[in-house]
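One-letter residues, chain by chain:
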Amino acid sequence: MDRRRAWIIAIFLFVFGDAVALQSRGALLASFEAEFGVSEGLLGLVAPAGTVGFVLAVLAAGLLAGRLDARRTMLVGTAGALAGLLLLAGASDYRVLLLALLVQGTAGGVFRGIDRAVLSHLYPTRRGRLFSLYSLAWAIGAVAGPLVVTGALRVADWRATYLLVAAWFVPVAALVARLDVPDDLGGERTLSLAALRRLLRRPAVLGAGAAMALTGGIEGAVFTWLPYYASTFFDRTLANAALSVYLLGYVPGRLLYTWLVERVSYLSLVGVVSLLAVPVLAAAFAATTGYPMLAATFAAGVLVSGLFPTLSAYSVDAEPAYSGPINALTTGATYLGLAVVPTAMGVVAEARGIGAAMATPAFLAAALVAVVALTVLATGTRGVPDVAAAE
């Protein structure tokens, strides 16, 4: 098999499994509540427990990408994810569950801290398209996540979900262990402190980081709380399916953005999509219930699906020699939003009800429109600003 193709298969398989694990969390909140007898506020800790370690690991692996052996790093991440999933399946109390989420998230961060840097150097002229396909693999896994939970709950209990996902990572680890390092990965530059300071001063990098934090907040809000919110007017099975409906929109959405990203400037695409998302998110999670909510939820998924891959490609294209660090900073920003927003929503839900908390995604989309506009003003372009001009 062609070495570049083998890397793509390994990365896409890992991302698929990681997405299944991530999207099982929201679908299992009610199971965690019943099993461990915790409040809505404590349920809000599920998101940060799974993402704090992820963010730190993404930052560490990405910033050191120029010094790390890609295959060994990915193998460590895969083995750690497998161990974390097995620990989740055997969690005896809520504290152990949170610790297991931390382990699994940290391992995933080690792998994903460098995976898009690898793809970036393997296909330097097709980053936008390949990143969209990468995100499509994630979306398919994300759609499968709540369905895996529903199937596991029909025949066993919630622990079976994590045993099934753990089994997925066994062949992934075997494939990663056999990978060769292609010469294409030599384009990654070692990051110095001076280079890091320069990156952090670039408006394109700052704008992408802020935009991805807001995007992560939107996705974290929906991923974590949509099944719980939907359970207030649907039965448990249909409530979990609501998240799958949202994520199902990611599949045609990311196929569409795979085509659009090579034809429309990055920030133009993100700005238009964000503007359209404001009323759609409001309709889906604040203005409708029942089956009309499911239709609006699918539309919201189609729109939101394009934000992460487009912003990711924009940021890496702005500094292609530092794909690892840029990937680390922007992915870390995304998962910071994934951690913080659902936690804050848990507090709001406990104080004012889950209906009030679910207005959050629409407000974040409005903020994203403003961030994109400011980034265009600061960089003077809707596309990728010239690297040489920033040095």
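Residues numbered from 1 in each chain as written. Predicted model: local features only at pLDDT ≥ 70, side-chain atom pairs only at ≥ 80, totals over all residues. Heavy atoms only, no water.

1. As for the overall build of the chain
Then step 1. Within the chain, the regular secondary structure consists of 20 helices and 0 strands.
Then step 2. Against the compact-globule benchmark of 21 Å for 391 residues, the chain has a radius of gyration of 20 Å, which places it among compact chains.
Then step 3. Based on the C-alpha atoms only, the size of the chain along its principal axes is roughly 55 × 45 × 35 Å.
Then step 4. Of all intrachain contacts in the chain linking residues separated by at least 6 positions in sequence, the fraction that spans at least 24 positions is 86%.
Then step 5. Split by element, the accessible area of the chain, about 14200 Å² in all, is 67% carbon and sulfur.
Then step 6. Distance between charge centroids for the chain: 5 Å, based on 26 positive and 21 negative side chains. (Helix = DSSP H or I, 4+ residues; strand = E, 2+ residues; numbered from the N terminus. Rg over C-alpha atoms; globule rule 2.2 N^0.38 Å. Contact = heavy atoms within 4.5 Å. Areas by Shrake-Rupley, 256 points an atom, 1.4 Å probe, with all protein chains shown as cover. Lys, Arg positive; Asp, Glu negative; His and termini not counted. Charge placed at Lys NZ, Arg CZ, Asp CG, Glu CD.)

2. Comments concerning the pattern of salt bridges
Then step 1. Considering all chains together, one arrives at 5 salt bridges under this definition.
Then step 2. The residue arginine 95 makes a salt bridge to aspartate 93 at a minimum N-O spacing of 3.6 Å.
Then step 3. Classification of aspartate 93 by relative accessible area gives partly exposed; the value is 24%.
Then step 4. For glutamate 319, the salt bridge is made with arginine 202, and the minimal N-O distance between the two is 3.0 Å. Pair noted here: glutamate 319 is in the loop between α16 (307-318) and α17 (323-352) and arginine 202 is in the loop between α10 (193-201) and α11 (203-230), with a separation of 117 residues, a long-range link. Considered together, glutamate 319 and arginine 202 belong to a single accessibility category, that of buried residues.
Then step 5. A network of salt bridges, in which partner residues are shared, links Arg198, Arg202 and Glu319. (Salt bridge = Lys/Arg side-chain N within 4 Å of Asp/Glu carboxyl O. Buried < 20%, exposed > 50% of the residue type's maximum accessible area, 1.4 Å probe, protein only.)

3. Quick look at α16
Then step 1. Taking 1.5 Å as the rise per residue, α16 with 12 residues should run 16 Å; its terminal C-alpha atoms sit 17 Å apart, in good agreement.
Then step 2. In terms of burial, α16 is a largely internal element, 11 of the 12 residues being buried. (Expected span 1.5 Å × (residues − 1).)

4. A short note on the packing of helix α12 (residues 236-248) against helix α13 (residues 250-260)
Then step 1. Packing of α12 against α13 brings their axes to within 5 Å, and their N-to-C directions diverge by 15°. In terms of orientation, α12 and α13 fall into the roughly parallel class. In this structure, α12 contributes Tyr246, Leu247 and Leu248 to the contact, and α13 contributes Tyr250, Val251 and Pro252.
Then step 2. Partitioned by chemical class, the residues of the contact of α12 with α13 number 6 nonpolar, no polar and no charged. (Axes fitted to C-alpha atoms, helices over the stretch in contact; angles between N-to-C directions. Parallel < 35°, antiparallel > 145°, perpendicular 65-115°, else oblique. Nonpolar A, V, L, I, M, F, W, Y, C, P; charged D, E, K, R; others polar.)

5. Examining α13
Then step 1. Those residues of α13 that fall on the buried side of the exposure criterion are Tyr250, Gly253, Arg254, Tyr257, Thr258 and Leu260. Projected down its long axis, α13 carries its buried residues within an arc of 165°, all on one side.
Then step 2. As for α13, its buried residues are in contact with α8 (127-155), α11, α12, α14 (266-287), α15 (290-304) and α16. (Arc of directions from axis to C-beta.)

6. Some details on the confidence of the model for the chain
Detailed conclusions should not be drawn from predicted coordinates in areas where pLDDT is low.
Then step 1. On average, the chain scores 86 in pLDDT, and the residues at 70 or more come to 96%.
Then step 2. By mean pLDDT, helix α20 (residues 387-390) is the weakest element of the chain at 50, and helix α19 (residues 360-379) is the strongest at 95. (pLDDT = per-residue confidence, 0-100.)

7. A closer look at the packing of aromatic side chains
Then step 1. What the rule picks out here adds up to 17 aromatic pairs.
Then step 2. Centroid distance phenylalanine 14 to phenylalanine 111: 3.8 Å. Interplanar angle 10°. Geometry classified as stacked. Of this pair, phenylalanine 14 sits in helix α1 (residues 3-27) while phenylalanine 111 sits in helix α6 (residues 94-112), and the two are 97 residues apart along the sequence.
Then step 3. On the accessibility criterion, phenylalanine 14 (0% relative accessible area) is buried.
Then step 4. By relative accessible area, which is 0% here, phenylalanine 111 ends up buried.
Then step 5. The interplanar angle of 85° and the centroid separation of 5.4 Å between the aromatic rings of tyrosine 229 and phenylalanine 233 together place this pair among those described as edge-to-face.
Then step 6. Given the relative accessible area of 27%, phenylalanine 233 is considered partly exposed.
Then step 7. Sitting over the face of the ring of phenylalanine 131, arginine 116 holds its NZ or CZ atom 5.8 Å from the ring centroid. (Phe/Tyr/Trp six-rings, centres within 6.5 Å; stacked < 30°, edge-to-face > 60°. Lys NZ or Arg CZ within 6 Å of the ring centre and 35° of its normal.)

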